[in-house]
Amino acid sequence: SSHTVEGNPHEHGHSHGGRNQNMEAVSLHVLADLLGSVGVVISTLLLKFFGVVSGDAICSFTISLMILRSVLPLLKSTADDLLLVTPADLKQRFNRCLREIYSMDEVKSIAEPHLFRLSASSYILTMQLVVDSGCDQQEVLLSARKSAQSLGNCKCVIQIVCPETLRAIGEFDTHTEDVVWDPSTECITSEACRCE
């Protein structure tokens, strides 16, 4: 897609659409009200024409199950966002991005990689790159940010550290595990702290 920003064409690979949980919740609320009204009409007809006294309870129970079934995905999605879970639709692109960053000669490992939703159409990417001591850290940072562009509208927080820095951190930091991206499995796992 393409649009103009301050007179300059701006090309990018993401859409400005996105799912809006607030609108989903409003739609479900309206649907619940509509189904409640339909339930009242049905239970009234059941009582008037067939003498079914329990029609109201049956309709209410059925409508409640229908509403619950439609609300559960919204609840799960909201919980995932609150718990900062990587969006399922971005996991493959996130792994591809991490693989591309890891393939840089200067990058020795990727620690604490996280990608989470900021809004309906934007994300936050954080990670720590352990790099060779003598490398051009600014060049590594720019290359990593370029790789992150494949994720779309993404804000990046990338920390560059050398092995010596990790050892110095180990002198005052008492954590025992690091969260790292394992290139052999392309999974985020825990391993023993590398600060020692």
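Residues numbered from 1 in each chain as written. Predicted model: local features only at pLDDT ≥ 70, side-chain atom pairs only at ≥ 80, totals over all residues. Heavy atoms only, no water.

Looking only at helices and strands, one finds five helices and seven strands in the protein chain. Moving toward the C terminus, one meets the helices and strands of the protein chain in the order β-β-α-α-α-β-β-α-β-α-β-β. Put simply, the protein chain has 196 residues, and 31% of those count as buried. Restricting to contacts in the protein chain with at least 6 residues of sequence separation, those with at least 24 account for 59%. Taken as a whole, the protein chain presents about 12500 Å² of accessible surface, with 59% of it coming from carbon and sulfur. (Helix = DSSP H or I, 4+ residues; strand = E, 2+ residues; numbered from the N terminus. Buried < 20%, exposed > 50% of the residue type's maximum accessible area, 1.4 Å probe, protein only. Contact = heavy atoms within 4.5 Å. Areas by Shrake-Rupley, 256 points an atom, 1.4 Å probe, with all protein chains shown as cover.)

Moving on: the nonpolar core. If you look at the biggest cluster of nonpolar residues, it comprises 25 residues, and the most contacted ones within it are Ile-101, Leu-125 and Leu-129. Among the elements that line this core, the one with the most residues is strand E4 (residues 122-131), at five residues. Once residues lying within four places of it in the same chain are set aside, the contact partners of Ile-101 are Val-107, Ile-110, Met-127, Leu-129, Ala-144 and Ser-147. (Core = buried A, V, L, I, M, F, W, Y, C linked by side-chain atoms within 4.5 Å.)

So, on to a nonpolar patch on the surface. A cluster of nonpolar side chains, contributed by Phe-61, Leu-65, Leu-68, Leu-72 and Leu-75, occupies part of the molecular surface with about 510 Å² of accessible area. Note on placement: Phe-61 falls in helix H2 (residues 55-82). A relative accessible area of 56% places Phe-61 in the exposed class. (Patch = residues over 30% accessible without salt bridge, like charges linked within 9 Å, V, L, I, M, F, W, Y side chains within 5 Å. Salt bridge = Lys/Arg side-chain N within 4 Å of Asp/Glu carboxyl O.)

This next bit is on helix H3 (residues 91-102). Relative to the 16 Å expected for 12 residues at 1.5 Å per residue, H3 spans 16 Å between its end C-alpha atoms, a close match to the ideal helical length. Inspection of H3 places Phe-94, Asn-95, Cys-97, Leu-98 and Ile-101 among the buried residues, and these make up the whole buried set. All buried residues of H3 fall inside an arc of 160° around its axis, so they share one side. (Expected span 1.5 Å × (residues − 1). Arc of directions from axis to C-beta.)

In this structure the tally under the stated criterion is one aromatic pair. Aromatic side chains Tyr-102 and Trp-181 sit 5.8 Å apart centroid to centroid with 65° between the ring planes, which places their arrangement in the edge-to-face category. Separated by 79 residues along the polypeptide, Tyr-102 in helix H3 and Trp-181 in strand E6 (residues 177-182) bring together distant segments of the chain. Under the relative-accessibility criterion, Tyr-102 is labelled partly exposed at 29%. (Phe/Tyr/Trp six-rings, centres within 6.5 Å; stacked < 30°, edge-to-face > 60°.)

Note on strand geometry: in a regular strand, side chains alternate between the two faces of the sheet. In terms of strand pairing, E4 meets strand E5 (residues 154-161) through eight bridges, oriented parallel. Residue pairing across strands places Met-127 opposite Ile-158, the latter belonging to E5. Note on the crossover from E4 through helix H4 (residues 137-148) to E5: the handedness is right-handed. (Pairing = 2+ DSSP bridges. Right-handed = clockwise from strand over helix to strand, strands pointing away.)

Here is the idea: a disulfide is a covalent bond, and it sits between the sulfur atoms of two cysteines. Applying the stated criterion across every chain yields a total of zero disulfides. You can see Cys-154 has no disulfide; the closest cysteine sulfur is in Cys-156, sitting 4.5 Å from it. (Disulfide = S-S within 2.5 Å.)

This paragraph deals with the pairing of strand E7 (residues 187-192). The sheet contact formed by E6 and E7 spans six bridges and is antiparallel. Paired with Val-179 across the strands is Ser-190, a residue of E7. Where E6 folds back on E7, the antiparallel hairpin that results is connected by four residues, among which Glu-186 adopts a positive phi of roughly 55°.

Bringing the packing of helix H1 (residues 21-50) against H2 into the picture now. Closest axis-to-axis distance for the H1/H2 pair is 8 Å, and the angle between their directions is 170°. When the axes of H1 and H2 are compared, the pair comes out roughly antiparallel. Of the residues in H2, those touching H1 at Gln-21, Glu-24, Ala-25, Leu-28, Ala-32, Leu-35, Gly-36, Gly-39, Ile-42, Ser-43 and Leu-46 are Gly-55, Asp-56, Cys-59, Ile-63, Met-66, Ile-67, Ser-70, Val-71, Leu-74, Ser-77, Thr-78 and Asp-81. When its residues are assigned to classes, the contact of H1 with H2 shows 12 nonpolar, eight polar and three charged. (Axes fitted to C-alpha atoms, helices over the stretch in contact; angles between N-to-C directions. Parallel < 35°, antiparallel > 145°, perpendicular 65-115°, else oblique. Nonpolar A, V, L, I, M, F, W, Y, C, P; charged D, E, K, R; others polar.)

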